[in-house]
Amino acid sequence: MASSQELFSAVLVSQKVKEIMPDTCHIRPLKRSDFHRGHLDVLRGLTHVGEISEAAWTERFDWMKRCNGTYYTLVIVDESSDASKSIVGTGTLFVEKKFLYELGTQGHIEDIAIAGDMQGKKLGVKLIQALDHIAKEVGCYKTILDCDPKNAAFYEKCGYGKAGQEMHHYY
Ligand code: ACO
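Residues numbered from 1 in each chain as written. Predicted model: local features only at pLDDT ≥ 70, side-chain atom pairs only at ≥ 80, totals over all residues. Heavy atoms only, no water.

Visitor: An account of the site of the ligand is needed here, citing residue identities and associated values.
Guide: The local shell around the ligand holds 23 residues, among which Ile112, Ile114, Gly120, Lys122 and Gly124 are the closest. The separation between a nitrogen atom of the ligand and a polar main-chain atom of Ile112 is 2.7 Å. Within the backbone of Lys122, an N or O atom sits 2.8 Å from an oxygen atom of the ligand. For the ligand, the protein covers 74% of the area, taking 980 Å² as the surface of the free molecule. Those elements giving two or more residues to the shell around the ligand turn out to be β4 (105–114), α5 (123–137) and α6 (152–157). With six residues, the top contributor of residues to the shell around the ligand is β4. Among the residues forming the shell around the ligand, the class breakdown is 11 nonpolar, five polar and seven charged. (Near = heavy atom within 4 Å. Polar contact = N/O pair within 3.5 Å; in protein donor to acceptor, adjacent residues only side chain to side chain. Areas by Shrake-Rupley, 256 points an atom, 1.4 Å probe, with all protein chains shown as cover. Helix = DSSP H or I, 4+ residues; strand = E, 2+ residues; numbered from the N terminus. Nonpolar A, V, L, I, M, F, W, Y, C, P; charged D, E, K, R; others polar.)

Visitor: Talk me through the pairing of strand β3 (residues 87–97); I want residue IDs and the actual numbers.
Guide: Burial within β3 is extensive, with eight of its 11 residues counted as buried. Pairing geometry for strand β2 (residues 71–78) and β3, over seven bridges, is antiparallel. Opposite Val75, over in β3, you have Thr90 as the bridge partner. The pairing of β3 with β4 spans eight bridges and is antiparallel. Bridged to Val95 within β4 is Gly107. (Buried < 20%, exposed > 50% of the residue type's maximum accessible area, 1.4 Å probe, protein only. Pairing = 2+ DSSP bridges.)

Right, dumping it as structure tokens:
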């Protein structure tokens, strides 16, 4: 059972990954109080985010939490950083319920970002391992993702393989 502050229950966070985090870092579910810990700044390293107020951020958090069993956002927190920048990594598993594959459940890895000064320290690979662990725990038969070709080698190191062709239709 998740606390009212957590997006989902911390029981789903891989013990194995927690044990191999660097000394000052830990990995946990996104919390309702994380707006001021630099969550959006980390995402800005990935793509356009825009100016989002705390009220709007919190409204989106609450909406995701109400979609029980659908949004699993993890953050990596570095306790040695300034509190306003202590989130140094984030990533989301989105869980899709299907009619196909005998009412199968499919995971989608979305919005993976590690802060610039923390890249190359194996945090990204741990984040993906932790999201894969949640996917297995909640019954996903597979997890898929779209990425820039320049990041394909990273995902291959995480155990992902190329399949299909990514398509976009912007509105
Ligand atoms: N190309 C090739 N290899 C890479 C890359 C890359 N872009 N990034 C990491 N690797 C390799 C590393 O060298 C390492 O290899 P090794 O085990 O042989 O030493 C391995 O992958 C693991 O690397 P990490 O240190 O765990 O990677 P990092 O913590 O830097 O995270 C990430 C990688 C998430 C791509 C990070 O660089 C980042 O946040 N980039 C900016 C945002 C971004 O592009 N996010 C991905 C969006 S795609 C999506 O969200 C589905």
